[in-house]
Amino acid sequence: MKLGVVGLPNVGKSTLFNAITNAGAQSANYPFCTIEPNVGMVSVPDRRLDKLAEMYEPDKFTPATIELCDIAGLVKGASKGEGLGNKFLSNIRECEAVIHVVRCFEDSEIVHVDGSVGPRRDIETINLELVFSDMEILERRIDKASKAAKGDKKYQREVDFLRRLSAHLETGASARSFTPEGEEEQAVFDELPLLSAKPVIYAANLSEADFTGGLEANPFYQEVCALAESEGAKVLPICAKLEEELAGMEAEDKLMFLGELGLTESGLDRLIAESYELLGLISFLTAGKQEVRAWTIRKGTKAPQAAGKIHSDFERGFIRAEVIAYDDLMACGSMAAAKEKGLVRIEGKDYVMKDGDIVLFRFNV
């Protein structure tokens, strides 16, 4: 999973990125400090995997990972090449989802590219640039399909659909809020590389005081929530400076610090959970002395395709899956005890994987 961290200059984007990846991206109080996209790999926290490691004492411990890409700050006119616009837009295109950092705090020492804090205006600036870029893509696609329709009338339906989608974007609405009609339109829509179609989480960057005790009183945060609700998007309240403090702490100190603030999870944990939910992802687990590992799949994945995540031979020669739910294994204390109680199930090719399944795949090639 690759997530793009985006936002206007000086909204706390790189500070947040540094904190949750410890990748050391440059961070400074002026626009375009981030020129090349900084990339950081982050382990997905999973307490189930930690418990399995205690049980098996494996030679190798491999959590799932996500890739975070800190992308250069965007300004008005980016779709026409203003600032670092075109480079910025191409970097977003490679990501599966967007973490849009929105500034929700006042600070006279940190300049705002538009002179004042305004979350709705800031969000609309970026959203419109994505929409403008998408309209250019659609214009080229409509032109191509129109030429094809002169020789083959079946392309006319595609032209009609693309024009309807383009008219939707012309209102300033994102492709996320457009609903294709039927499987044929959905197939065309899915193959279009539209930036504004990508799922988004708005990360509302708050001051420490507001984050720990005053969300309701922060008008900027409420502004983000209202806009997100109108387009069916998620909002994640977060404090980049607080995450920066947590990043330098040992695990025990981090837990104690979070507890003092009345929190149970770091911003990273919450961001990953929201991202998994947004993209419809779950994890299945493999466990043994050799390795304890988490594997990321989409909800609805069947056993053979899940096996293929480990190795293509596993999918090609799939025979069966021996499956136990994580909670059942923990309740029994060992795999041997779980087998005695009949809790290890034999599942075939039509089995739909569930989050937290612990699996041993049998195959033959």
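## As for the side chain of Glu322
Structurally, the position occupied by Glu322 is in strand 10 (residues 318-325). Polar side-chain contacts of Glu322 include one of 2.9 Å to the side chain of Arg362. If sequence neighbours within four positions are ignored, Glu322 has contacts with Val344, Arg345, Ile346, Ile358, Val359, Leu360 and Arg362.

## Topic: the nonpolar core
Of all hydrophobic cores here, the largest spans 71 residues; its most connected members are Leu52, Ile66, Leu68 and Tyr202. Discounting chain neighbours no more than four positions away, the residues touching Ile66 are Met1, Leu3, Gly40, Met41, Val42, Val44, Ile272 and Tyr276. Counting 16 residues, the second-largest nonpolar core is a separate cluster that includes Val131, Ala145, Phe161 and Leu165.

## Some points on the pairing of strand 7 (residues 234-238)
Here is the key point about a regular strand: its side chains alternate between the two faces of the sheet. Within strand 7, four of the five residues are buried, which leaves the element mostly enclosed by the surrounding structure. Sheet topology places strand 6 (residues 200-205) next to strand 7; five bridges connect them, and they run parallel. Within the sheet, the bridge partner assigned to Ile201 lies in strand 7 and is Lys234.

## Description of the environment of Phe161
Tracing the backbone through its elements, the reader meets Phe161 in helix 5 (residues 155-170). What makes Phe161 buried here is its relative accessible area of 1%. Between the C-alpha atoms of Phe161 and Ile142, which are 19 residues apart in sequence, the distance is 9.4 Å. If we skip the residues at most four places from it in the chain, Phe161 touches Phe178, Pro180, Glu185, Val188 and Phe189.

Rules of the game
- Residues numbered from 1 in each chain as written.
- Predicted model: local features only at pLDDT ≥ 70, side-chain atom pairs only at ≥ 80, totals over all residues.
- Heavy atoms only, no water.
- Helix = DSSP H or I, 4+ residues; strand = E, 2+ residues; numbered from the N terminus.
- Polar contact = N/O pair within 3.5 Å; in protein donor to acceptor, adjacent residues only side chain to side chain.
- Contact = heavy atoms within 4.5 Å.
- Core = buried A, V, L, I, M, F, W, Y, C linked by side-chain atoms within 4.5 Å.
- Buried < 20%, exposed > 50% of the residue type's maximum accessible area, 1.4 Å probe, protein only.
- Pairing = 2+ DSSP bridges.

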